[in-house]
Amino acid sequence: HHIFSACHNKRYLSFNMRRIKRNHLVEILLHILFWAAIFYTTGNSNKKFNVVRFNIKGDIKQRVMVETMYSQSFLTLFLLMVLFYSTAFWLLKKVMTFKSNTARVAVVLGWTACIFELNSLLTPLVMSAPPPPFLNPFGFFHFTNAIIFLAMLGIAIAYFFSKDWIKSDLLRKQIEANQLSTEIKFLK
């Protein structure tokens, strides 16, 4: 009986290890596809925008053709990745130990603001021509990037809590399985 039980446990562990490895590979593939989609949507090539500035009467005051650059897209993508992974795997674990919800929100938003400002500071350095002065600091690109960074923060928070929920659910199921196994052994 003990030999059968040991073989069964070994097979069960082997099956679980294969399933865990497969799940990790699927998760890595999903991350790669996610970042490829983000890169594609944030501008994977040069894109031109016709930015128009109006006066009070509604007449065109200034018209400028602004071009997003490939290198700027890589910089933004890299900093979005930094925001996502640092928030989902490091920062949220730390702030969950705080007692104050206000402190939690302040730290997470402060971290996001730092990475966003780093993007704003480095963007002119990687662009061949800086954007026109009226676009910065609160112009179209700044506002659009702020929305993108806040959306990425939301995705990171959702990812963190979904992983945490899945982990607790798996732990709960394992505890139930162990209790059931113990009860069966006791009955035998």
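Residues numbered from 1 in each chain as written. Predicted model: local features only at pLDDT ≥ 70, side-chain atom pairs only at ≥ 80, totals over all residues. Heavy atoms only, no water.

Trainee: Tell me about the environment of Trp90, and name the residues and values.
Mentor: Note on placement: Trp90 falls in helix H2 (residues 70-95). Residues Trp90 and Phe160, spaced 70 residues apart in sequence, show a C-alpha to C-alpha distance of 9.8 Å. (Helix = DSSP H or I, 4+ residues; strand = E, 2+ residues; numbered from the N terminus.)

Trainee: Describe the nonpolar core, naming the residues involved and giving the relevant values.
Mentor: It is characteristic of soluble globular proteins that their nonpolar side chains tend to be buried jointly. Of all hydrophobic cores here, the largest spans 16 residues; its most connected members are Trp35, Ile38, Leu80, Phe84, Phe149 and Met152. Looking at this core, the elements that each hand over two or more residues are helix H1 (2-41), H2, helix H3 (101-126) and helix H4 (140-187). Broken down by element, this core gets its largest block of residues, seven residues, from H2. With sequence-adjacent residues up to four places away left out, Met152 is seen in contact with Phe34, Trp35, Ile38, Leu80, Leu83 and Phe84. If you look at the next biggest cluster of nonpolar residues, it comprises six residues, including Leu91, Leu92, Val108 and Leu153. (Core = buried A, V, L, I, M, F, W, Y, C linked by side-chain atoms within 4.5 Å. Buried < 20%, exposed > 50% of the residue type's maximum accessible area, 1.4 Å probe, protein only. Contact = heavy atoms within 4.5 Å.)

Trainee: Can you tell me about the confidence of the model for the chain, naming the residues and giving the values?
Mentor: For the chain, the average pLDDT comes to 77, and 68% of its residues sit at 70 or higher. At the level of individual helices and strands, the chain shows its lowest average pLDDT in strand S1 (residues 47-54), which scores 56, and its highest in H3, which scores 90. Below pLDDT 50 for its whole length, residues 1-7 participates in one contact with residues either more than four positions away or in separate chains. (pLDDT = per-residue confidence, 0-100.)

Trainee: Quick one: what's the story with a nonpolar patch on the surface, residue by residue and with numbers?
Mentor: On the surface, Val26, Leu29, Leu30 and Leu33 cluster together into a nonpolar patch covering about 380 Å² of accessible area. Mapped onto the elements, Leu30 comes out in helix H1. The exposed category is assigned to Leu30, whose relative accessible area is 53%. (Patch = residues over 30% accessible without salt bridge, like charges linked within 9 Å, V, L, I, M, F, W, Y side chains within 5 Å. Areas by Shrake-Rupley, 256 points an atom, 1.4 Å probe, with all protein chains shown as cover. Salt bridge = Lys/Arg side-chain N within 4 Å of Asp/Glu carboxyl O.)

Trainee: Pulling in residues and values, what's your account of the packing of aromatic side chains?
Mentor: Taken as a whole, this structure holds twelve aromatic pairs when the rule is applied. Relative to Phe84, the ring of Trp35 lies with its centre 5.7 Å away and its plane at 80 degrees, an arrangement referred to as edge-to-face. Remark: Phe84 occurs in helix H2 and Trp35 occurs in helix H1; sequence separation between them is 49 residues. Just as Trp35 is buried, Phe84 falls in that class too. Among the aromatic side chains, those forming a connected cluster through ring pairs are Phe34, Trp35, Phe84, Tyr85, Phe89 and Tyr159. (Phe/Tyr/Trp six-rings, centres within 6.5 Å; stacked < 30°, edge-to-face > 60°.)

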